[in-house]
Amino acid sequence: MVQVAVFGFGTVGSGVVEVIEKNQKEISKRAATELNVKYVLDLRDFPGNPIQDKIVHDVETILGDETISIICETMGGLEPAYTYTKKALASGKSVCTSNKELVAAHGPELIALARENNCNYLFEASVGGGIPIIRPLNSALTAEKIDRVYGILNGTTNYILTRMEKDGADFETVLKEAQEKGYAERNPAADVEGYDACRKIAILSSLIYGKNVNYENIYTEGITKITPADFAYAKELDCKIKLIALNETREDGKFAMVSPRMITAESPLTCVQDVFNGILIHSNMLGSSLYYGRGAGKLPTASAVVGDVIDCAKHAGKNIWCFWEEEEETLCDIADFKQKYFVRISGLVEDKKDAVTAAFGETKFVTTKEVQGEFAVVTSEMSEREYHEAAKKIEGILSMIRM
Ligand code: HSE
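Keep in mind the model is a prediction, meaning the values are calculated, not measured.

**Re the state of the cysteines**
This structure, assessed with the given rule, holds 0 disulfides. No disulfide involves Cys-322; its sulfur sits 12 Å from that of Cys-312, the nearest cysteine.

Pasting the structure below:
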């Protein structure tokens, strides 16, 4: 029997306990041993809940118990999760986590510490909730040269954008719904300002390059400025608006960024709705592959954590190699990143057509009955630097969404 401890009995932690209980038979077969949750670390008590008997308030009780070999860190946040994880790994206990903040900030150090101590630091649940994406990058796709990751990596914002588009729902109301469903972060700015997606694309980028991509160097823009008018234009253009986290290795360098994008109907990501995430990977042998599923929520995320626990149980005393070194990977300035732009401009097409064409070159003009007193254009492909230079020459630019 393998003794497990869970750090944090919140949404994901309580899900971990539930998954281990509900799928006990399947888990025992696949892990070739039984998993037993011996302790749950939390500051709170849960009177009336059967978990109460396992609640401990002092982490040392768990770290000092030699029978515990695997810890699920589902506390979230940097501290005390960082300190507890380091202590656990240093004493040879494997740690499985959903904590993307900690993985993005200290991933390579914790992976190295696990390696030194013949145990594991696994983090499948840190990106894409229940979707297998870390394991494919670490195993099934290791023969590939990956040149592009294009992903919807945040369930909360995808839920918000889907409900705004489909039902005309208002931003604040839908955000509240996402919080009630257990999708949103404690501080929802992490979701809506794009910081969560930024950490997730930093993790994926680091695994692709094998070197550390610092999330603080990734240009990040959230969805708070998206309005119903943007959705009206998107409909005209047969596009969807999605928060996209991307990593691309182009001839002119390596790029990563997070921003809302208008994506055309041909992209399979237009079908990714509600809390679902979708990650489109392009690599040189396989071509395109798509990873899709529930990107947030209690049981999907907990299932990914427990999958890691089973892997740790199967590899007791052995380290599963993960290629993510502490050396920093340098990304290019997104000023050089080329793409098309959707731009809203106040006034009438006939008054501004010449100036807009002179600034942006070949341009598609768009109007919609639902929005008066303005029009929009889709530019040809140009770098961010060229776009900003051109935009300075046009009066009345209201907003821009990348395409
Ligand atoms: N708040 C996150 C999201 C949770 O909405 O995607 C899963 O990481």
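**A look at helix H10 (residues 195–209)**
Counted at 1.5 Å a residue, the expected span for H10 with its 15 residues is 21 Å, and the 21 Å between its end C-alpha atoms agrees. The buried count for H10 comes to 14 of 15 residues, which makes it a mostly enclosed element. One or two steps after H10, the chain reaches Gly-210, where phi turns positive at roughly 75°.

**Some details on the packing of helix H4 (residues 81–90) against helix H5 (residues 100–116)**
Interaxial distance between H4 and H5 falls to 10 Å at its minimum, and their mutual angle equals 15°. With respect to each other, H4 and H5 are oriented roughly parallel. Considering how the two elements wind past one another, H4 and H5 form a crossing that is right-handed. Within the contact between the two elements, H4 uses Ala-81, Tyr-82, Thr-85, Lys-86, Leu-89 and Ala-90 and H5 uses Leu-102, His-106, Glu-109, Leu-110, Leu-113 and Ala-114. Here the residues of the contact of H4 with H5 sort into 8 nonpolar, 2 polar and 2 charged.

About the thresholds
Residues numbered from 1 in each chain as written. Predicted model: local features only at pLDDT ≥ 70, side-chain atom pairs only at ≥ 80, totals over all residues. Heavy atoms only, no water. Disulfide = S-S within 2.5 Å. Helix = DSSP H or I, 4+ residues; strand = E, 2+ residues; numbered from the N terminus. Expected span 1.5 Å × (residues − 1). Buried < 20%, exposed > 50% of the residue type's maximum accessible area, 1.4 Å probe, protein only. Axes fitted to C-alpha atoms, helices over the stretch in contact; angles between N-to-C directions. Parallel < 35°, antiparallel > 145°, perpendicular 65-115°, else oblique. Left-handed = near helix turned anticlockwise from the far one by under 90°. Contact = heavy atoms within 4.5 Å. Nonpolar A, V, L, I, M, F, W, Y, C, P; charged D, E, K, R; others polar.

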